[in-house]
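Coordinates in review
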Amino acid sequence: MKNKYSISVLMSVYNEPLDWLKQSIDSILNQSFNDYEFIIINDNPNRMNTKNILRAYRDKDTRIVLLENPCNIGLTKSLNKGLKIAKGKYIARMDADDISVLNRLKIQYNYME
């Protein structure tokens with residue numbers, strides 16, 4: 001099966017400060033490399049502020065695929081859910097408290113190629 005994207009970026013979100021979460025998401029959305037999907041798994045369905053922010057980002061950017069767990073299942077199981085639907089040739093991991101430099105995905109893709 002041919003991949004739809006060059007990269008699938010996987011990020012699970014639990015209880016990170018909202019400002020950190022926004023900076024993290026923005027650092028991926030502003031990448032110089034654009035052939036990717038951004039799979040975000042919300043592992044804290046009871047935290048409405050996080051849910052609202054993630055849905056707003058998803059509604060503004062078609063590269064975002066949002067999964068919402070019905071209950072907390074932990075980082076590993078959440079990431080595995082994202083891996084099951086990923087359509088990228090490569091997987092890039094992102095934590096919700098990380099900030100990626102502007103050309104991170106481009107550098108990583110070129111290295112793998």
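Quick note: structure is the one above.
Quick caveat: nothing in here was measured; it's all calculated off a predicted structure.

Taken together, the four strands give an open sheet; going across it, the order is S3-S2-S1-S4, and neighbouring strands pair in parallel fashion. Strands at the two margins of the open sheet, each flanked by one partner only, are strand S3 (64–68) and strand S4 (88–93). The average angle at which neighbouring strand axes cross in this sheet is 25°, direction not considered. In terms of strand pairing, strand S1 (residues 5–13) meets S4 through five bridges, oriented parallel. When the sheet's bridge partners are listed, Ser 8 is paired in S4 with Ile 91.

In this section: the packing of helix H1 (residues 18–29) against helix H2 (residues 48–60). Helices that pack against each other are described as a pair by the angle of their axes relative to one another and the distance between those axes. Look at H1 against H2: their axes get within 11 Å of each other, and the N-to-C directions meet at 20°. When the axes of H1 and H2 are compared, the pair comes out roughly parallel. Crossing geometry of H1 relative to H2 is assigned as right-handed. Across from Leu 18, Leu 21, Lys 22, Ile 25, Asp 26 and Leu 29 in H1, the residues of H2 making contact are Asn 49, Thr 50, Ile 53, Leu 54 and Tyr 57. A per-class count over the contact of H1 with H2 returns seven nonpolar, two polar and two charged.

Another aspect to go through is the packing of aromatic side chains. Summed over all chains, the structure comprises two aromatic pairs. On the basis of an interplanar angle of 40° and a centroid distance of 5.1 Å, the ring pair of Phe 33 and Tyr 109 is categorised as tilted. Within this pair, whereas Phe 33 is found in the loop between H1 and strand S2 (36–42), its partner Tyr 109 is found in helix H4 (residues 104–112), the two being separated by 76 residues in sequence. Classification of Phe 33 as buried rests on a relative accessible area of 12%. Geometrically, the ring pair formed by Tyr 90 and Tyr 109 is edge-to-face, given 5.9 Å between the ring centres and 75° between the ring planes. A residue pair is termed long-range when its members are at least 10 positions apart, and Tyr 90 in strand S4 and Tyr 109 in helix H4 qualify at 19 residues. In this structure, Tyr 90 and Tyr 109 share a single accessibility class: buried.

Thresholds applied
Residues numbered from 1 in each chain as written. Predicted model: local features only at pLDDT ≥ 70, side-chain atom pairs only at ≥ 80, totals over all residues. Heavy atoms only, no water. Pairing = 2+ DSSP bridges. Helix = DSSP H or I, 4+ residues; strand = E, 2+ residues; numbered from the N terminus. Axes fitted to C-alpha atoms, helices over the stretch in contact; angles between N-to-C directions. Parallel < 35°, antiparallel > 145°, perpendicular 65-115°, else oblique. Left-handed = near helix turned anticlockwise from the far one by under 90°. Contact = heavy atoms within 4.5 Å. Nonpolar A, V, L, I, M, F, W, Y, C, P; charged D, E, K, R; others polar. Phe/Tyr/Trp six-rings, centres within 6.5 Å; stacked < 30°, edge-to-face > 60°. Buried < 20%, exposed > 50% of the residue type's maximum accessible area, 1.4 Å probe, protein only.

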